[in-house]
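Spelled out, the chains give:
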Amino acid sequence: MLRLHDTMTNTVRPLALRDEGKVSMYACGPTVYDLPHIGHGRYVLVWDVVRRFLISQGLAVTFVSNITDIDDHIIERAAEHGRTEQDVAQEFEHAWFSAMDLLSVLRPDAVPHATAFIPGMVALLERLLASGVAYQTSDGVYLDTSKIADYGVLAGQPLDQLRAGARIETHPEKRSPLDFALWKAAKAGEPSWDAPFGAGRPGWHTECVVMSLDLLGEGFDLHVGGQDLKFPHHENERAQAVGDGRVFATHWAHSGWVVVDGEKMSKSLKNFTSLTDLLARCDARAYRLLCLQSHYRAPVEVTPETIAQAEAALQRLDNLARRFRLAPIGPQPVVLSDAEVDPELLQTFVEAMENDLDTPRAFANLALAVSAANASADAGDEEAAGRGLAQSVAVLLAALGITLRSGLGEVDATAQDLARSRDEARARKDWATADRMRAELEALGYTVEDRNGETSLSR
RNA sequence: GGUGGCGUGCGAGAGCGGCCCAAUCGGACAGCCUGCAAAGCUGUAAAAUCCCCGGUUCAAAUCCGGGCGCCACCUCCA
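Treat the numbers as computed from the prediction; the structure is a model and nothing was measured.

Asker: Looking at this structure, how should I read the domain arrangement of chain A?
Answerer: Where interface size is given, it is often the accessible area lost as the parts come together that is meant. On domain assignment, one finds that chain A holds domain 1 (3-259), domain 2 (282-399) and domain 3 (413-458). Counting residues at the interface gives 31 residues for domain 1, matched by 31 residues for domain 2. In total, about 2,600 Å² of surface goes out of reach between domain 1 and domain 2, with carbon and sulfur atoms giving 60% of it. If you sort the residues of domain 1 by the area they bury against domain 2, Arg3, Arg42 and Phe53 come out on top, with a joint share of 23%. Taken together, the connections running from domain 1 to domain 2 amount to 1 salt bridge. Salt-bridge contacts for Arg288 lead to Asp48; the nearest nitrogen and oxygen are separated by 2.8 Å. Across the domain 1-domain 2 interface, the total number found is 14 residue pairs in polar contact (both at pLDDT 80 or more). Elements with a minimum of two residues in the side of domain 1 that touches domain 2: strand S1 (3-6), helix H1 (38-56), strand S10 (252-255) and strand S11 (258-260). When residues in the side of domain 1 that touches domain 2 are grouped by element, the largest group, 13 residues, is from H1.

Have a look at this one:
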């Protein structure tokens, strides 16, 4: 079983499944008020890899990830552009999923929208108010964090320290600076929903509890997200569930962030690139590979240079697929028990992955297999051991969400003729003509390689 | 102020007590292969303080203590 770092216990421990053979997993999704940026891409890739790996091991994974389609940013953006909140949310949700598709990130099994779960949230708040865990102020409903016994477990610091560090603007009606808004009372011109405790809209932390518990049930297996969601967001989600007397996620995992020149990529530092822009400029698989080559909890440096390095590494992998004429696998998930994979390679792969998702080591092992496959082909063993290894590499990469491209697609008639003429020229040792034809083919966008004395084309 | 983390070749980035004179990828150079290429393989240089100092140990990049430097979280943030 996969062993993952658990934020709550600060240990690496095996996933303990509520139902045998089934994994229930929740990731906080985007607030759709702007284009996704590279940091979103990384966390999404990390958890997609986890999900795919669990599936590859034969587990039935239910993955839920929400869309926050109402919040301050969306309202602000709508007001700026004279549009409705719904309109803004739809635009950026569309941009989000376009990017996800380019990245080969599997769609969640369910994509709950906050605005579709308001009644559940209202019901939760009524219960929390009734039991005294929440209280009402003139501008909404707040959670009384002092009523939550182990508040602060995810933050990993003592309560008084959290309070001391709280730099939130003072709010006279809040009982503690740590208390957070569950419901924001309606303001003129802003969207709102009716509720017994006054019209308004939900606070950010409220949606995820309601949606995750609704769709996955109490005590679901794994709640994931970026490190910066640990506190306050995840802490506050959990506080509401605990305050409601319910068992929340039993395992919490957090991924590291994207860094530029050693600094976290963020909007305020203006050092971010939108994911949409990145994917327009590079092979989306390269970004996945770059993320795979570092550990998911460590920061990863994303610059044009590191992307170019990953693209070069990918090229070598694609070359392998071309050499052995491998059929593409993916992007749908792979179940490894159904695939033919070199047993030794499979074992090292699974061992690395199960060890807190050691993708760098898993990839290093695959790279070794790539060399071995090529070497045995060089030795004239193209159809036996070499091919089996190459195929195994392709399967395991597919299990990580990377589909190799052989580039051996349709070659049009002109190119075929040229290739044939070139072979004739080469047979006569007319190198000048042959080289001119090679240049022509390259100009047409083909990669030209001589294989077994014949011109081999790919692109 | 508190909490967590990090510091490994030219770049990225593993390793977390012996198998490390430090994986893997990218880059450089050379050889083999090729008519020449491309692809590929092999090898070489690159970390002689694995930030520094001290300690534990038969054994430390890895553990402990102390420095120095950097980052993040404690506020919307993946």
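What follows picks up the thread again.
Asker: Would you explain the sheet that holds strand S6 (residues 140-143) in this entry?
Answerer: Consider a sheet: its strands pair through backbone hydrogen bonds, and that pairing is either parallel or antiparallel. Spatially, 4 strands are ordered S5-S6-S7-S8 in an open sheet, and the strand pairing comes out antiparallel. Strands with a single pairing partner mark the edges of an open sheet, and in this sheet they are strand S5 (134-137) and strand S8 (200-202). Averaged over all adjacent pairs, the angle separating strand axes in this sheet is 25°, with direction ignored. Across the sheet, helix H4 (residues 118-130) lies against S5, S6, strand S7 (180-185) and S8, angled at about 120° from S7, the strand it touches most.

Asker: Quick question: what am I supposed to make of the packing of aromatic side chains here?
Answerer: Geometry of an aromatic ring pair is reported as the spacing of the ring centres plus the angle between the planes. Taken as a whole, this structure holds 8 aromatic pairs when the rule is applied. With centroids separated by 6.4 Å and ring planes inclined at 55°, the aromatic side chains of Tyr26 and Phe220 adopt a geometry described as tilted. One end of the pair, Tyr26, is in strand S3 (residues 22-27); the other, Phe220, is in the loop between helix H6 (204-216) and strand S9 (222-226), and 194 residues separate them in sequence. Classification of Phe220 as buried rests on a relative accessible area of 0%. Taken together, the ring pairs in this structure connect Tyr26, Phe220, Phe248 and Trp252 into an aromatic cluster. Positioned above the aromatic ring of Trp257, the side-chain terminus of Lys264 is 5.6 Å from the ring centre. Geometry around Tyr446 places Arg459 over its ring, the cationic atom sitting 4.3 Å from the centre.

Conventions used here
- Residues numbered from 1 in each chain as written.
- Chains lettered and ligands numbered in written order.
- Predicted model: local features only at pLDDT ≥ 70, side-chain atom pairs only at ≥ 80, totals over all residues.
- Heavy atoms only, no water.
- Domains from an automatic or database assignment.
- Contact = heavy atoms within 4.5 Å.
- Buried area = accessible area lost by both parts, 1.4 Å probe.
- Salt bridge = Lys/Arg side-chain N within 4 Å of Asp/Glu carboxyl O.
- Polar contact = N/O pair within 3.5 Å; in protein donor to acceptor, adjacent residues only side chain to side chain.
- Helix = DSSP H or I, 4+ residues; strand = E, 2+ residues; numbered from the N terminus.
- Pairing = 2+ DSSP bridges.
- Axes fitted to C-alpha atoms, helices over the stretch in contact; angles between N-to-C directions.
- Phe/Tyr/Trp six-rings, centres within 6.5 Å; stacked < 30°, edge-to-face > 60°.
- Buried < 20%, exposed > 50% of the residue type's maximum accessible area, 1.4 Å probe, protein only.
- Lys NZ or Arg CZ within 6 Å of the ring centre and 35° of its normal.

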